[in-house]
Amino acid sequence: MSKANGNLKQAFGYLGMAVAGGLLALGLHDRFQPKGMAQTVGPASSIPTHYVSQPVDNTTSVAAPDFIAAASKSVDAVVHVTTEATVQQAPMYNFFWGYQQRPPQQVRGAGSGVIISDDGYIVTNNHVVEGADKIQVHLNDKRKFEATMIGRDPSTDIALIKVTGEQLPVLAFANSDDVKVGQWALAVGNPMNLTSTVTAGIVSALARNINILQYDPTRDVFPIESFIQTDAAVNPGNSGGALVNTNGDLIGINSAIASTTGSYTGYSFAVPSNIVSKVTHDLMEFGHVRRAYLGVTISDIDQDMAKNLDLKRLNGVYVKDVVPNGAAKKAGMQGGDVIVKVGTIPVNNVPELQGQISKFSPGDKVAITLLRKGNEMVKELTLLDRGGEDGSAPSAELTMPSLGADLAPATADELGALRIEGGVKVVRLSGGKLRSIGIKEGFIITKVDQQQVKAPKDIERAINNKQGGILIEGVYPNGKKAYYGLGM
């Protein structure tokens, strides 16, 4: 074979290898091409091969949520609440005459409320009606009613008022334990006096504590914050309005916003309906809330605490200590226990635990699931009130609508600290006579018309059928004595 023939044969060999390599590459290309992608060959100047998506089949898309039915169902049961109050102004300094008392100032406020019974009971926020001398309720159909105060609960920022009416539109309570993060919610209220406004968003968090309610043991205020957080737009004036699900049922009472400006910036907070239902029921029946307590000091669990205390998990609520003679102590709970369930409901933090316990009354029995040194156990508790009672004994507290006050005997600790023999504590005030003459919550009445009083019934007997003025004497928790004249 000549040298030329050898070179030609070698060239054909290389050509065959090239063709085979190209066919192999094409086969691999087809094998690994993503499914659903079409190959398109562009012009010579373009990249030889690229992929484009196939058209989307819109026939299987999910329809957008429809809020029309929920809005229609709820808007008539959410009312506009307006208030008037008399506020004493601070003295004004005059260069020639010194400090001079200024006349009281009339202050107007506004918020929202939700009708929860067809005969006129309305739930709203405590901060909407606190201190009000006059409360008016405006319905969506333009009717207007004068409202009376039934009771307030500063610990949850819930209040109950009442109008005289029949067959009023109402909202039904939903079970707020069923609320899930991500579900749709509607806020219905009267922001900035824009009546009957509906906004929509999702539930963005549960059991949120924002430390907005103030702790004040002198007024028996022990805050309970376990808010539903949403991104439905809420502004001043929405307070006391409804947070509803897509069925139009009440899942919460809108109460607060997180903002640096005072206006909505993306986060709003509502008291869960289960707490609202318990509070309003108690206010309706007793005039005050019969609150149950576990009798423990507690804290959330973080990673450092879990490591230091050799805890095996981060969820649950750590029990620092148990109160002597409290419900937890009597059931055998101990410091170091970790509470993980109330009944069948898991609790992962303090707000969740407080929210669950707040649904119960003294005397109620509840199963608490806890971990002790890694072992799970269940304790059956009979919940008690702050005084260690189970609610079976009649309450010493007395509601006196004629005075706009809830009264209770002063405790032994209060009497000892103030060095007085007896007295009656003003536990709560509504828009009534005692508030109008300047008496504040926490005031302990020691005498009425110079007669010693030791129980609320003493005050009731002293004012019954009384004509003319009454002198009220007493002392505040800080030791300041005060005298008030009450006209009957």
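Preceding block: the structure.
No experiment lies behind these values; they were computed from the predicted model shown.

**Quick notes on the overall build of the chain**
Along the backbone of the chain there are 10 helices and 29 strands. Within the chain, buried positions represent 42% of all 488 residues. In the chain, once contacts between residues fewer than 6 apart in sequence are set aside, the share between residues at least 24 apart is 58%.

**Examining the nonpolar core**
Among the nonpolar cores identified, the biggest contains 26 residues, and Val114, Val123, Ile158, Leu171, Ala242 and Ile253 are the most heavily contacted of them. The contacts of Ala242, once residues within four sequence positions are left out, are Val78, Val114, Leu171, Leu186, Ala187, Val188, Leu250, Gly252 and Asn254. One finds Ala405, Ile445, Ile463 and Tyr484 within the second-largest nonpolar core, a separate group that totals 22 residues.

**Description of the sheet that holds strand β10 (residues 158-162)**
Reading around the barrel, the 6 strands line up as β3-β6-β7-β10-β9-β8 and close back on themselves, with antiparallel pairing between neighbours. Each neighbouring strand pair of the sheet contributes to a mean axis angle of 40 degrees, computed without reference to strand direction. With 5 bridges connecting them, strand β7 (residues 121-125) and β10 associate as antiparallel partners. Across the sheet, Ile122 pairs through a bridge with Ile161, a residue of β10.

**Things to note about helix α10 (residues 456-463)**
Note on helix geometry: an α-helix contains 3.6 residues per turn, so any two residues three or four positions apart are oriented the same way. What α10 keeps buried is the set Pro456, Ile459 and Ile463. Each buried residue of α10 sits inside an arc of 60 degrees when the element is viewed along its axis, so together they form one side.

**Structural notes on the side chain of Asp406**
Counting through the fold element by element, Asp406 comes out in strand β24 (residues 405-409). Note on Asp406: relative accessible area 6%, which makes it buried. Side chain to side chain, Asp406 and Thr399 meet in a polar contact 2.8 Å long. Beyond its immediate sequence surroundings of up to four residues, Asp406 is in contact with Gly287, His288, Glu397, Leu398, Thr399, Lys425, Val426, Val427 and Arg428.

**Comments concerning the pattern of salt bridges**
According to the stated counting rule, one finds 15 salt bridges in the structure shown. Glu441 is the partner of Arg152 in a salt bridge, and the nearest nitrogen-oxygen pair spans 2.4 Å. Here Glu441 lies in the loop between α9 (433-436) and β26 (444-448) and Arg152 lies in strand β9 (residues 144-153), a separation of 289 residues in the sequence. Look at Arg152 and you get buried, because its relative accessible area is 5%. Here Asp406 makes a salt bridge to Arg428, at a shortest N to O gap of 2.9 Å. Placement of Asp406 in strand β24 and of Arg428 in strand β25 (residues 424-429) is noted, with a sequence separation of 22 residues between them.

Cut-offs applied
- Residues numbered from 1 in each chain as written.
- Predicted model: local features only at pLDDT ≥ 70, side-chain atom pairs only at ≥ 80, totals over all residues.
- Heavy atoms only, no water.
- Helix = DSSP H or I, 4+ residues; strand = E, 2+ residues; numbered from the N terminus.
- Buried < 20%, exposed > 50% of the residue type's maximum accessible area, 1.4 Å probe, protein only.
- Contact = heavy atoms within 4.5 Å.
- Core = buried A, V, L, I, M, F, W, Y, C linked by side-chain atoms within 4.5 Å.
- Pairing = 2+ DSSP bridges.
- Axes fitted to C-alpha atoms, helices over the stretch in contact; angles between N-to-C directions.
- Arc of directions from axis to C-beta.
- Polar contact = N/O pair within 3.5 Å; in protein donor to acceptor, adjacent residues only side chain to side chain.
- Salt bridge = Lys/Arg side-chain N within 4 Å of Asp/Glu carboxyl O.

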